[in-house]
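# Structural overview
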Amino acid sequence: MKEAYKETTRYGMVIDLDKCTGCGTCMVACMAENNISFKEDETNKLDSITWMRVYKITNGRPYPNTEICYIPRPCMHCEGSHGHPAPCVSVCPATATDQDPKTGIVSQIYTRCFGCRYCMAACPYHARYFNWWDPVWPGEMEKYLNPDVSPRMRGVVEKCSFCHHRLQRAKNKAYLEGRREIREDEYIPACAQACPANAITFGDLNNPEHKVYKLKKSPYAFRLLERLGTNPKVYYLSRKGWVRRAADN
Amino acid sequence: MSKQEEKKDGEGLDSTSDSKYSSDKVGIALFFVGFGIALFIGWVIFPKLLYSQKKQPLDFNHSTHLEVVDNGCEDCHYFREDGSFSGVPRLATCAECHEEAQGESSEEATLITKYIEPEKEIPWLIYSKQPDCVFFSHAAHVKMAKIECKTCHGAKGESDHLPVYEYNRITGYSRDIWGRSISGIKRNSWDSMKMDDCAECHRKNGVNNACFVCHK
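Residues numbered from 1 in each chain as written. Chains lettered and ligands numbered in written order. Predicted model: local features only at pLDDT ≥ 70, side-chain atom pairs only at ≥ 80, totals over all residues.

The number of helices and strands found in chain B is ten helices and two strands. Each helix (α) and strand (β) of chain B, taken in turn from the N terminus, gives the series α-α-β-α-α-α-α-α-β-α-α-α. Dimensions of chain B, computed from C-alpha atoms along their principal axes, come out at roughly 95 × 45 × 30 Å. Here chain B holds 216 residues, and 9% of them are scored as buried. (Helix = DSSP H or I, 4+ residues; strand = E, 2+ residues; numbered from the N terminus. Buried ≥ 20, exposed ≤ 12 C-beta atoms within 10 Å, placed from the backbone.)

Before going further, it helps to spend a moment on the overall build of chain A. Tallying secondary structure elements over chain A gives eight helices and eight strands in all. A globule of 249 residues ought to have a C-alpha radius of gyration of about 18 Å, and chain A, at 18 Å, matches this closely. Structurally, chain A occupies a C-alpha span of about 50 × 50 × 35 Å along its principal axes. Sorting the 249 residues of chain A into buried and exposed places 41% on the buried side. Within chain A, contacts between residues at least 6 apart in sequence are counted, and of these 62% link residues at least 24 apart. (Rg over C-alpha atoms; globule rule 2.2 N^0.38 Å. Contact = placed C-beta atoms within 7 Å.)

Moving on: the interface of chain A and chain B. The partner chain B presents 18 residues to the 20 residues of chain A that form the contact. Class assignment of the residues belonging to the side of chain A that touches chain B gives a composition of seven nonpolar, seven polar and six charged. (Nonpolar A, V, L, I, M, F, W, Y, C, P; charged D, E, K, R; others polar.)

A few words on the sheet that holds strand 7 (residues 221–222) of chain A. Residues and elements named next belong to chain A. Strand order in the open sheet formed by four strands is 6-1-8-7, with mixed pairing between adjacent strands. Lying at the two open borders of the sheet, with one neighbouring strand each, are strand 6 (200–204) and strand 7. When strand 7 meets strand 8 (residues 234–237), the two strands line up antiparallel, connected through two bridges. Opposite Phe222, over in strand 8, you have Tyr236 as the bridge partner. (Pairing = 2+ DSSP bridges.)

Another point: the nonpolar core. Membership of the largest hydrophobic core comes to 56 residues, with the highest contact counts inside it found for Met13(A), Val14(A), Ile15(A), Met76(A), Cys191(A), Ala192(A) and Ile200(A). Elements supplying a minimum of two residues to this core: strand 1 (11–16), helix 2 (25–33), helix 6 (190–194), strand 6, helix 7 (211–215) and strand 8 of chain A together with helix 10 (211–214) of chain B. In this structure, Ile200(A) is in contact with Met13(A), Ile15(A), Cys26(A), Cys191(A), Ala192(A) and Cys195(A), ignoring residues within four places of it in sequence. Formed by six residues, the second largest nonpolar core is a distinct cluster that contains Leu176(A), Ala139(B), Ala140(B) and Val142(B). (Core = buried A, V, L, I, M, F, W, Y, C linked by C-beta atoms within 7 Å.)

Attention now goes to unusual backbone geometry. Residues and elements named next belong to chain A. Going from Tyr63 to Pro64, the amide bond is cis rather than trans, its omega being 5°. Its identity is not glycine, yet Asn35 carries a phi of approximately 55°, on the positive side. Relative to the helices and strands, Asn35 resides in the loop between helix 2 and strand 2 (53–58). Overall, Asn35 belongs to the partly exposed group, with 19 C-beta atoms counted inside 10 Å.

Residue and element names in this part refer to chain A. Judged by how many residues are buried, strand 6 sits mostly within the fold: five of five residues are covered. Judged from the five bridges that link them, strand 1 and strand 6 form a sheet pairing that is antiparallel. If you follow Ile15 over to strand 6, its bridge partner there is Ile200.

Turning next to the domain arrangement of chain B. Residue and element names in this part refer to chain B. Along its sequence, chain B is organised into domain 1 (15–52) and domain 2 (124–214). The centre of domain 1, based on its C-alpha atoms, is set 37 Å off from the matching centre of domain 2. Contact residues are listed per partner, giving five residues for domain 1 and six residues for domain 2. Of all the elements in the fold, those that place two or more residues in the side of domain 1 that touches domain 2 are helix 2 (15–50) and strand 1 (51–54). (Domains from an automatic or database assignment.)

What follows is the structure in structure tokens.
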């Protein structure tokens, strides 16, 4: 079982928090890439859909010792532990979300979801969002939609897919060239590609030749809420002790 | 109930039980008539109401085209360099040969005057168009698995005319997705193109059946 796990691909992300400036480019890139619509008034952030969301934390100390850290939070694509899948996968009554055994990516199938939001309650990272309205794109903005990502309807849950359509696209090209292997640089999510600080690294966590393999073994690497046993595939790096402690491990 | 009644009545079969027997008969007959009507509505009338027909903008003869091209289907339905599939060819592909009329037929005249000369794309209706949430890789099936076009699309390449395009009035999807048979019984692999059809073949061949393999 353990060996089989090691042989398969496990796509994951390593985000260097010491490089992140909190600019929010990853959020914008994600929204544009994944056809996320917006409301006329976006001031109520509880309703906003942000597959990738940058959180801000501080060390809580007064000036001049104040320090700030920004934490970009995509879906963690939890691997689960002890034979249990990700929290969202195990609670879904409609099997609208599953984990691909070949890639480790946790899916969300909008046409199957009936909007009970049990997965949102189960997700300890608040990575899932509910569509309270049908999406609206003003004027000719519909022409800017990404044809590789299906827009969602009112009443379903959505979340980060690690830009799975980019993997599908990369696979298409590889198949045409008679390959089954996807190279490291062929499949990168939009957030990782857009980050101007190169803080986000993406690749196969099980492949020793990929950058993420080495990065996740760094002594400064940690994951959010590790003690819950969700076994996330998004790692963070920070040399600051208070940041690592804030991850609540 | 009738047995009890018979016991009560004793030996004689009187006229009341006779009329009861005949009214039972009428009841059964009525039931079957109703059942027949229901079946007829469900299997004949409803499918007629459910599907609406549309005519293609032009007729197209696949078999004549297949005779003139060198690489079979892939001559017009080709793969792009990035691995995506071109699907139904655009006008430019038609114009390569049809810059001027190739014959005298009225369809040919329509093609030239209505589409080629004003450089207007032909609004073909696509029989195998899947819902928006579906991802399908032609490269994976045609290039890697070496599946023939016919396995899913049927013998379209040998047809002389385009069939009438039918679509579901409720969903708007082409009838070819559910298939011609309302009962959903398949005789050939190309009879329908539902999720179950994809999953069945994936299961048989031991291919990954996770949601994201075919969904986007």
